[in-house]
Amino acid sequence: MATPGLPRPIAKDLSRVTEALDMLSPRWSVWTLMTLGEQPLRYTDIKTRLPMLFDAQLSARLTTLTADGLVDRHEETARHVTYQLSVRGRSLGTVIAALATYGDTHLDKISKPNRITGELEPERIPAAQNAEDALKLITPKYATSLLWALRYQGSASGRQLADVVLDHASTTAPIYQPLRQLVEDGFVDRLGHSSYQLSRQGEALTSTFQALSTWAAGRTKATEHPLWLSAPAPGRPTTWAANSSPSPSPTPVVATPESTPQSSTSLFSHGVPDRPRAGSSMGGRVR
């Protein structure tokens, strides 16, 4: 969704990023992408690695990801069809790494007792689930546009945000529910009665949006983003500058937080838990 209230280059970039998020956000998309690799896999092989998906779910994901150009489908015979990541799909590694790192770093985990010591330890969550939990929070309608508008404005009222996101709309009604949800989820701080700014958690999305921008624009290397800078740009409002905090650089996507980094060729490899999480809650930073 383009945001005409932003400068044209930033609005075009946001439109590309939103389109990329639309490809990744459907449930199980990241899991499916991370299951595929450079070697072709038959449907039965994929199903074995994703036993929690029904046939209808897996078929739908493969069909959509193929149509989006992220997966290649090869039909040697009617009974021998294989799937593998396309070149474009493999290049998503940095994006999924950034999403997984954000989810692992900034979304709360449930603590469970260690089977041996009995001490409480954070739940170990697969990288694919970390990425999908992060996506679930930033992809509702208007959410990404509001985050970008606040990054651009610094601090703003609901009316000002509506002018940016909805291009001088006569009503602010469409943005208030997603804006309230962003406050509840911890991405946005409310200042006084009707003013808002990005929270530290919202600012920490910098690496994620940088990676998404780079991939969506078809670039092979990250360049300094005109909006999501690693540090505040000169001239930004002081409320924005005081609230910013650098986010960690993305690390390679791994099966679980304690795993060691993998090479780019195995970036999409992951272990499947016995019972993956059904989805994240929308109650703030808690999944």
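Residues numbered from 1 in each chain as written. Predicted model: local features only at pLDDT ≥ 70, side-chain atom pairs only at ≥ 80, totals over all residues. Heavy atoms only, no water.

(A) Spatial organisation of the overall build of the chain. Within the chain one finds 13 helices and eight strands. Taking contacts inside the chain between residues at least 6 apart in sequence as the whole, the part at least 24 apart equals 66%. When the accessible area of the chain is evaluated, it comes to approximately 13700 Å², of which 52% is carbon and sulfur surface. (Helix = DSSP H or I, 4+ residues; strand = E, 2+ residues; numbered from the N terminus. Contact = heavy atoms within 4.5 Å. Areas by Shrake-Rupley, 256 points an atom, 1.4 Å probe, with all protein chains shown as cover.)

(B) Main features of the packing of aromatic side chains. As enumerated under the stated definition, the model contains five aromatic pairs in all. Look at Phe209 and Trp228: their rings are 4.8 Å apart centre to centre, the planes differ by 45 degrees, and that puts the pair in the tilted class. Within this pair, whereas Phe209 is found in helix α12 (residues 206-216), its partner Trp228 is found in the loop between α12 and α13 (238-243), the two being separated by 19 residues in sequence. Comparing Phe209 with Trp228 shows no difference in burial state: the two are buried. Here the aromatic cluster, defined as three or more aromatic residues joined through ring pairs, consists of Trp148, Phe209 and Trp228. The cationic tip of Arg88 hangs over the ring face of Trp215; the distance from NZ or CZ to the ring centre is 3.8 Å. (Phe/Tyr/Trp six-rings, centres within 6.5 Å; stacked < 30°, edge-to-face > 60°. Buried < 20%, exposed > 50% of the residue type's maximum accessible area, 1.4 Å probe, protein only. Lys NZ or Arg CZ within 6 Å of the ring centre and 35° of its normal.)

(C) Local environment of the confidence of the model for the chain. The share of residues in the chain with pLDDT of 70 or more is 75%, and the mean pLDDT across the chain is 80. Summarising per-element confidence for the chain, the mean pLDDT is lowest in α13 (27) and highest in helix α4 (residues 55-67) (97). Scored below 50 in pLDDT, residues 233-284 makes 131 contacts in the model with residues more than four places away or belonging to other chains. (pLDDT = per-residue confidence, 0-100.)

(D) Looking closely at the environment of Leu99. Relative to the assigned elements, Leu99 resides in helix α6 (residues 93-106). On the accessibility criterion, Leu99 (1% relative accessible area) is buried. Taking the C-alpha atoms as reference points, Leu99 and Gln129, 30 residues apart in sequence, are found 9.8 Å from one another. Residues contacting Leu99, with those up to four places away along its chain left out, are Leu24, Asn130, Ala131, Ala134, Leu135, Ile138 and Thr208.

(E) Highlighting the pattern of salt bridges. Throughout the structure, instances matching the rule amount to five salt bridges. Arg151 is the partner of Glu203 in a salt bridge, and the nearest nitrogen-oxygen pair spans 2.2 Å. One end of the pair, Glu203, is in helix α11 (residues 200-203); the other, Arg151, is in helix α8 (residues 143-153), and 52 residues separate them in sequence. With relative accessibility at 1%, the residue Glu203 sits in the buried group. (Salt bridge = Lys/Arg side-chain N within 4 Å of Asp/Glu carboxyl O.)

(F) Quick look at α12. The buried fraction of α12 is high, at eleven of eleven residues. For α12, the complete set of buried residues consists of Thr206, Ser207, Thr208, Phe209, Gln210, Ala211, Leu212, Ser213, Thr214, Trp215 and Ala216. Turning to α12, the residues buried within the fold contact α1 (8-24), α5 (87-90), α6, α7 (127-138), α8 and α11. Downstream of α12 by a residue or two, Gly218 has a phi angle that is positive, lying close to 75 degrees.

(G) Layout of unusual backbone geometry. Positioned with a positive phi, Trp28 is a non-glycine residue whose angle comes to about 80 degrees. Looking at the secondary structure, you find Trp28 in the loop between α1 and α2 (29-35). Residue Trp28 is classed as buried on the basis of its relative accessible area, which comes to 10%. Positioned with a positive phi, Tyr142 is a non-glycine residue whose angle comes to about 75 degrees. Within the secondary structure layout, Tyr142 lies in the loop between α7 and α8. A relative accessible area of 15% places Tyr142 in the buried class.

(H) Molecular detail of the nonpolar core. Leu33, Leu147, Trp148, Leu161, Phe187, Val188 and Phe209 are the most contacted members of the largest nonpolar core, which totals 72 residues. Beyond its immediate stretch of four places on either side in the chain, Val188 contacts Leu147, Leu150, Leu179, Leu182, Val183, Tyr196, Gln197, Leu198 and Ser199. (Core = buried A, V, L, I, M, F, W, Y, C linked by side-chain atoms within 4.5 Å.)

(I) Quick peek at the pairing of strand β8 (residues 195-198). Across three bridges, strand β6 (residues 155-157) lies against β8 in antiparallel orientation. Residue pairing in the sheet places Ser157 in a bridge with Ser195 of β8. As judged from the four bridges shared by strand β7 (residues 188-191) and β8, these two strands associate in the antiparallel manner. Considered in β8, the bridge of Leu191 is made with Ser195. (Pairing = 2+ DSSP bridges.)

(J) Representation of the layout of surface pockets within the structure. Computed from the structure, the second largest pocket encloses a volume of approximately 270 Å³. Forming the boundary of the second largest pocket are 15 residues, of which Ser91, Thr94, Thr214, Arg219 and Thr220 lie nearest the centre. Breaking the lining of the second largest pocket down by element, the ones donating at least two residues are α6 and α12. Element by element, the count of residues in the lining of the second largest pocket is highest for α12, at five residues. (1 Å grid on protein atoms, 1.4 Å probe; cavity = no way out; pocket = protein on both sides within 12 Å on 5 of 7 lines; lining within 4 Å. Points joined across faces, edges and corners; volume = space filled by probe spheres on them.)

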